[in-house]
Amino acid sequence: MLKIFNSIKNKKEKFISIKKKNVNIYVCGVTVYDLCHIGHGRTFVFFDIMIRYLIYFGYKINYVRNITDFDDKIINKSNKKKISIKNLTNSMILKMKEDFNNLNLLKPNKEPLVTDNIQNIIELILKLLKNKNAYINYKGDILFSIKTYNNYGHFFKKNKINILKNSNKIDFVLWKKSKINEPGWLSPWGIGRPGWHIECSTICNKYLGNKIDIHGGGQDLIFPHHENEIAQSQCIFKNNKINYWVHVGMLMIDNDKMSKSKNNDLKIRTLLNNYNNEIIRYFLLSRHYRKPLIYKINSLNKYTNILKFMYKSLQNTNPNIKILLGNTFKNRFFEAINDDFNIPESFSVLLSLSKEINNLKNKQSSKVHNFAARLRQLAGILGLLKNDPNDFLKKINGYSSKINDKNFFYYKYIDKINKIRNYYRINKKWKLADKMRKKLNKLNIRIEDNINNTNLYKK
Ligand SMILES: [Zn+2]
């Protein structure tokens, strides 16, 4: 029986769907002002696994993920790039879909745009104003009044709730009035645009109704986004119910939080240019989804080797055989995933299974095909080992070559060290040059010196 950690109750709970064999899932989507980074990748790969797993057990899934195609960041970027908002968001949506497709993510049943739902948003704000859960401030913006919602603080420890309730500083914007020359939509309150939280309450309810099985997103969305979403939805819709809140941990770069301002945000596209998608998927799932995952330059090498090992074990086996053996592995695998999606543990089961296949190969046992088929079946649930082993192993060798992507996260750093090394070499300061070489080796970079230049390779 599947257990999921429910963030709102702060504990693991048995998963029981509202309707017997149907599950509806809402996941907060991307704000499309830039290319998607690997933090998005982690969140959406995790929900992809959740959905694949539920489908495997016969559930029909209704999966909705919104697209925020209008907000301050988008307006600023379109001004900076001197292109229209629509041109910017259309191109980013296209690229997002390409990246997600290349990551082998299942498509949501619906991907509503915020800009297609403005009228619905306005109607809900009207309801909140009518119920006196919202007010218009001196600037002409409409805010949600926290003190009118007694249950505010679902995700908080109790002592914090009172502090919050006594303050109107955390009232949040439902509708922002546009300044002169700012874009927006006509509303009963003049030209303006919706706040972020109200878009999710609106879209979630419009496309999935009043009873939701699973609502998810990254852990950074718990507060204020999801807290505020509950407050609005509870005030607007009677008996609004969301059973499981699921949040995915943050992705860190070398122990630092990834952010644009630190210039260390790593795009999904950059990784896809350098690694096979199954390796990226494996890495993104390599730590339990609720814990932080740390990216380091050689993180993906480890998972490249693991997948190579697994594919090698599948070479020269017959995948189209009826599976009769390997139940112990299957049970251990399901046990791991049923325990709040302990995917790292399920990976270790796949690895043991791979080792078992190699043992059987050494013994020239005919059972090998059965265990190989079992490995493919179980890995397939996680969207892995989908390739022909020979194809994969051939392709993988093509990837582990030169560092040629200028966008590669560490490229500039590596390039700088290399330039310093070459400067020392030209000036015959061999000891110092050697120090730089060691530095590059530590970063898993292989150096090839030619007469005129130096080529760098990933080890
Ligand atoms: Zn949301």
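### Some words on the side chain of Ser 354
Note that Ser 354 resides in helix H12 (residues 343-362). Here Ser 313 takes part through its side chain, which lies 2.8 Å from a polar atom of the side chain of Ser 354. Once residues lying within four places of it in the same chain are set aside, the contact partners of Ser 354 are Phe 309, Met 310, Ser 313 and Leu 375.

### Regarding the pattern of salt bridges
With the rule as written, the count across this model stands at 20 salt bridges. For the salt bridge of Arg 65 with Glu 111, the shortest nitrogen-to-oxygen distance reads 3.3 Å. Remark: Glu 111 occurs in the loop between helix H3 (85-102) and helix H4 (118-130) and Arg 65 occurs in strand E4 (residues 60-65); sequence separation between them is 46 residues. As a salt-bridge pair, Lys 419 and Asp 415 come within 3.1 Å of each other at their nearest N and O atoms. Residue Lys 419 and its partner Asp 415 are located together in helix H15 (residues 411-426), separated by 4 residues, close to a single helical turn. Lys 419 sits in the exposed class, given a relative accessible area of 55%. When salt bridges with common partners are traced through the structure, they connect Asp 72, Lys 176, Glu 182 and Arg 193 into a single cluster.

### Details of the layout of surface pockets
In this model, the largest pocket occupies a volume close to 1,200 Å³. In this structure, the largest pocket is lined by 44 residues; those nearest its centre are Thr 31, Lys 73, Trp 196, Asp 220 and Leu 221. At the level of secondary structure, the elements contributing two or more residues to the lining of the largest pocket comprise helix H1 (38-56), helix H2 (72-81), strand E7 (172-177), strand E9 (190-194) and helix H6 (196-208). Per-element accounting of the lining of the largest pocket gives the leading share, 5 residues, to H1. Along the lines of polarity and charge, the residues of the lining of the largest pocket split into 17 nonpolar, 14 polar and 13 charged.

### Quick look at the pairing of strand E10 (residues 211-218)
Here E10 lies mainly inside the structure; 7 of its 8 residues are buried. Of the pairings in the sheet, the one linking strand E3 (residues 22-27) to E10 comprises 3 bridges and is parallel in character. Its bridge partner being in E10, Val 27 is matched across the sheet by Gly 216. Examined bridge by bridge, E10 and strand E11 (residues 241-248) share 7 bridges and lie parallel to one another. Across the sheet, Gly 216 pairs through a bridge with Val 246, a residue of E11. Between the parallel pair E10 and E11, the chain is carried across by helix H7 (residues 222-236), and the sense of this crossover is right-handed.

### Considerations on the domain arrangement of the protein chain
Annotation of the protein chain at the domain level lists domain 1 (16-253), domain 2 (298-399) and domain 3 (411-458). On the side of domain 2, 11 residues touch domain 1, which itself brings 8 residues to the contact. Our count for the domain 1 to domain 2 interface comes out at 0 salt bridges. At the surface where domain 1 touches domain 2, the tally comes to 2 residue pairs in polar contact (both at pLDDT 80 or more). Partitioning the side of domain 1 that touches domain 2 into residue classes produces 6 nonpolar, 1 polar and 1 charged.

### Some thoughts on the coordination of the zinc ion
Within the first shell, the zinc ion binds the protein through Cys 28 (SG), Cys 200 (SG) and His 225 (NE2), at distances of 2.1 Å. For the zinc ion, the donor residues sit on a single chain with the sequence spacing C-x171-C-x24-H. Remark: His 225 occurs in helix H7 and Cys 200 occurs in helix H6; sequence separation between them is 25 residues. This pair shows no difference in class: Cys 200 is buried, exactly as His 225 is.

### Quick look at the packing of aromatic side chains
On inspection of all chains with the given rule, the structure shows 24 aromatic pairs. Taken together, a centroid distance of 6.1 Å and an interplanar angle of 50° make the contact between Tyr 53 and Phe 334 tilted. You can see Tyr 53 sitting in helix H1 and its partner Phe 334 sitting in helix H11 (residues 327-338), a full 281 residues away along the chain. On the numbers, 5.1 Å between centres and 15° between planes, the contact of Phe 144 with Phe 172 is stacked. Of this pair, Phe 144 sits in strand E6 (residues 142-144) while Phe 172 sits in strand E7, and the two are 28 residues apart along the sequence. The two residues Phe 144 and Phe 172 agree in class, both being buried. Cluster of aromatic residues (ring-pair linked, three or more members): Phe 46, Phe 47, Tyr 53, Tyr 56, Phe 57, Tyr 289, Phe 333, Phe 334 and Phe 341. Positioned over the ring face of Phe 44 is Arg 65, at 4.9 Å from the centre of the ring. The ring of Phe 5 has Arg 290 lying over it, and the distance from NZ or CZ to the ring centre is 3.9 Å.

### Description of the sheet that holds E6
Across the sheet, which stays open at both edges, the 5 strands sit in the order E5-E6-E7-E9-E8 with antiparallel pairing between neighbours. Because the sheet does not close on itself, it has two edges, and the strands there are strand E5 (134-136) and strand E8 (185-187). Along the sheet, successive strands turn relative to each other by an average axial angle of 35°, direction set aside. With 3 bridges connecting them, E8 and E9 associate as antiparallel partners. By the bridge assignment, Trp 185 is partnered in E9 with Gly 192.

Conventions used here
- Residues numbered from 1 in each chain as written.
- Predicted model: local features only at pLDDT ≥ 70, side-chain atom pairs only at ≥ 80, totals over all residues.
- Heavy atoms only, no water.
- Helix = DSSP H or I, 4+ residues; strand = E, 2+ residues; numbered from the N terminus.
- Polar contact = N/O pair within 3.5 Å; in protein donor to acceptor, adjacent residues only side chain to side chain.
- Contact = heavy atoms within 4.5 Å.
- Salt bridge = Lys/Arg side-chain N within 4 Å of Asp/Glu carboxyl O.
- Buried < 20%, exposed > 50% of the residue type's maximum accessible area, 1.4 Å probe, protein only.
- 1 Å grid on protein atoms, 1.4 Å probe; cavity = no way out; pocket = protein on both sides within 12 Å on 5 of 7 lines; lining within 4 Å.
- Points joined across faces, edges and corners; volume = space filled by probe spheres on them.
- Nonpolar A, V, L, I, M, F, W, Y, C, P; charged D, E, K, R; others polar.
- Pairing = 2+ DSSP bridges.
- Right-handed = clockwise from strand over helix to strand, strands pointing away.
- Domains from an automatic or database assignment.
- Donors = N, O, S within 2.8 Å, 3.2 Å for Na, K, Ca; no water.
- Phe/Tyr/Trp six-rings, centres within 6.5 Å; stacked < 30°, edge-to-face > 60°.
- Lys NZ or Arg CZ within 6 Å of the ring centre and 35° of its normal.
- Axes fitted to C-alpha atoms, helices over the stretch in contact; angles between N-to-C directions.

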